[in-house]
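One-letter residues, chain by chain:
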Amino acid sequence: ILADLGADVIKVERPEVGDDTRSWGPPFLKASDGSASKESGYFLSVNRGKRSVAVDLATPEGQATVRALAAQCDVVLENFKAGALKRYGLAYDDLKAVRPDLIYCSITGFGQDGPKSENAAYDFMIQAMGGLMSVTGERDDEPGGGPQKVGVPIVDIMTGMYATVGILAALARRNETGVGEYIDVAMLDVQVAFLANQAMNYLVSGKTPARNGNKHPNIQPQDVFKCRDGFLVLAVGNDGQFRKFCEVIARPDLADDERFATNAQRVRNLPPLLAIIREALLGDDLDV
């Protein structure tokens, strides 16, 4: 994202093997002769726009290289386990000594302190720990029900988004004050934060959110319907849209039915509403 916005991004990788995601395939990019290269599609998706340099951080020469780079850079991002870079003299305080207004962002699974701060983390495990898999997928009593992860590494992606927001805010602050910043971003914190309405639903009601397929917990009708030629996604966002929808399916009476006239009533009376939609829109022989 920062590269897309115009930053010159230099990625520091291990000599010979590089970033782990280089090997996260197949698929791998095809070389000019048609053979498979060593760059996976996954690596390419998250390293667009970056330059790369191989540095052995365990050597004095490698450490000197990183310090020299930091002296010329506005921002340093690192995602080692908490405390790892301190062993190499590359922690925030070390690099701040060569660039006093440096913005330094650490991305870890669990933050720089706390009972799990020393643990490594992957997107999948944080989706499970942070509650996302408890609200994603079909209901437990339905075929295919049970914990389900999101189809893309959403925690990794959103952690990068939160880190980017923090970095841009720190740059804006530095433009006004001349002061750098240390930013601590934890994947688990991010995951909990973007539970969004599901988390607030629990705090307001005391009821633990659950998996419910494609049904929206707060707005109805919003679901996926099976059709004769595939699937149809229906998203009705407010009472006015529901009234228009009722006209389209030739059931204008539903908009004035006390069971369905408002969104709150539609959420409370969802099963009969879905049965009516199935009959009116899709045919009585098809399941919702």
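Residues numbered from 1 in each chain as written. Predicted model: local features only at pLDDT ≥ 70, side-chain atom pairs only at ≥ 80, totals over all residues. Heavy atoms only, no water.

Strand order in the open sheet formed by three strands is β5-β6-β7, with parallel pairing between adjacent strands. Either end of the sheet is taken by a strand with one partner, and the two such strands are β5 (75–78) and β7 (181–186). Across this sheet, the average inter-strand angle for adjacent strands is 15°, counted without regard to direction. Bridge count between strand β6 (residues 103–108) and β7: six bridges; the pairing is parallel. Pairing of Cys105 across the sheet is with Ile183, part of β7. Where helix α5 (residues 154–177) meets the sheet, its contacts fall on β5, β6 and β7, and the angle it forms with β6 comes to roughly 165°. (Pairing = 2+ DSSP bridges. Helix = DSSP H or I, 4+ residues; strand = E, 2+ residues; numbered from the N terminus. Axes fitted to C-alpha atoms, helices over the stretch in contact; angles between N-to-C directions. Contact = heavy atoms within 4.5 Å.)

Here the focus is the environment of Met158. Position of Met158 among the secondary structure elements: in helix α5. On the basis of relative accessible area, Met158 is assigned to the partly exposed category, the value being 22%. Those residues within four positions of Met158 in sequence are excluded, and the remaining contacts are Val190 and Phe194. (Buried < 20%, exposed > 50% of the residue type's maximum accessible area, 1.4 Å probe, protein only.)

Summed over all chains, the structure comprises five aromatic pairs. Ring geometry for Trp24 against Tyr42: centres 5.0 Å apart, planes inclined by 80°, an arrangement best described as edge-to-face. With a gap of 18 residues between them, Trp24 in the loop between β1 (9–13) and β2 (28–30) and Tyr42 in helix α1 (residues 41–46) connect regions that are remote in the sequence. The partly exposed category is assigned to Trp24, whose relative accessible area is 37%. Residue class for Tyr42 comes out partly exposed when judged on its relative accessible area of 29%. Their ring planes at 40° and their centres at 5.3 Å tell us that Tyr92 and Tyr182 sit as a pair that is tilted. (Phe/Tyr/Trp six-rings, centres within 6.5 Å; stacked < 30°, edge-to-face > 60°.)

Scanning the model with the defined rule gives 19 salt bridges in all. Salt-bridge contacts for Arg266 lead to Asp239; the nearest nitrogen and oxygen are separated by 2.9 Å. Placement of Arg266 in helix α9 (residues 263–268) and of Asp239 in helix α8 (residues 239–248) is noted, with a sequence separation of 27 residues between them. Salt bridges sharing partners connect three or more residues here, namely Asp74, Arg99, Asp101 and Arg174. (Salt bridge = Lys/Arg side-chain N within 4 Å of Asp/Glu carboxyl O.)

The next point concerns the nonpolar core. In this structure, Cys105, Val155, Ile183, Val185 and Phe194 are the most contacted members of the largest nonpolar core, which totals 19 residues. Elements supplying a minimum of two residues to this core: β6, α5, β7 and α6 (187–193). Among the elements that make up this core, the one with the highest residue count is α5 (five residues). Once residues lying within four places of it in the same chain are set aside, the contact partners of Phe194 are Leu132, Ile154, Val155, Met158 and Tyr162. (Core = buried A, V, L, I, M, F, W, Y, C linked by side-chain atoms within 4.5 Å.)

With 98% of its residues at a pLDDT of 70 or more, the protein chain shows a mean pLDDT of 94. In the predicted structure, residues 284–288 sits below a pLDDT of 50 and forms 13 contacts with residues beyond four places in sequence or in another chain. (pLDDT = per-residue confidence, 0-100.)

Moving on, we come to the pairing of strand β3 (residues 36–40). Relative to β3, β2 runs antiparallel, the two being bridged by two bridges. Its bridge partner lying in β3, Phe28 is registered against Ser40.

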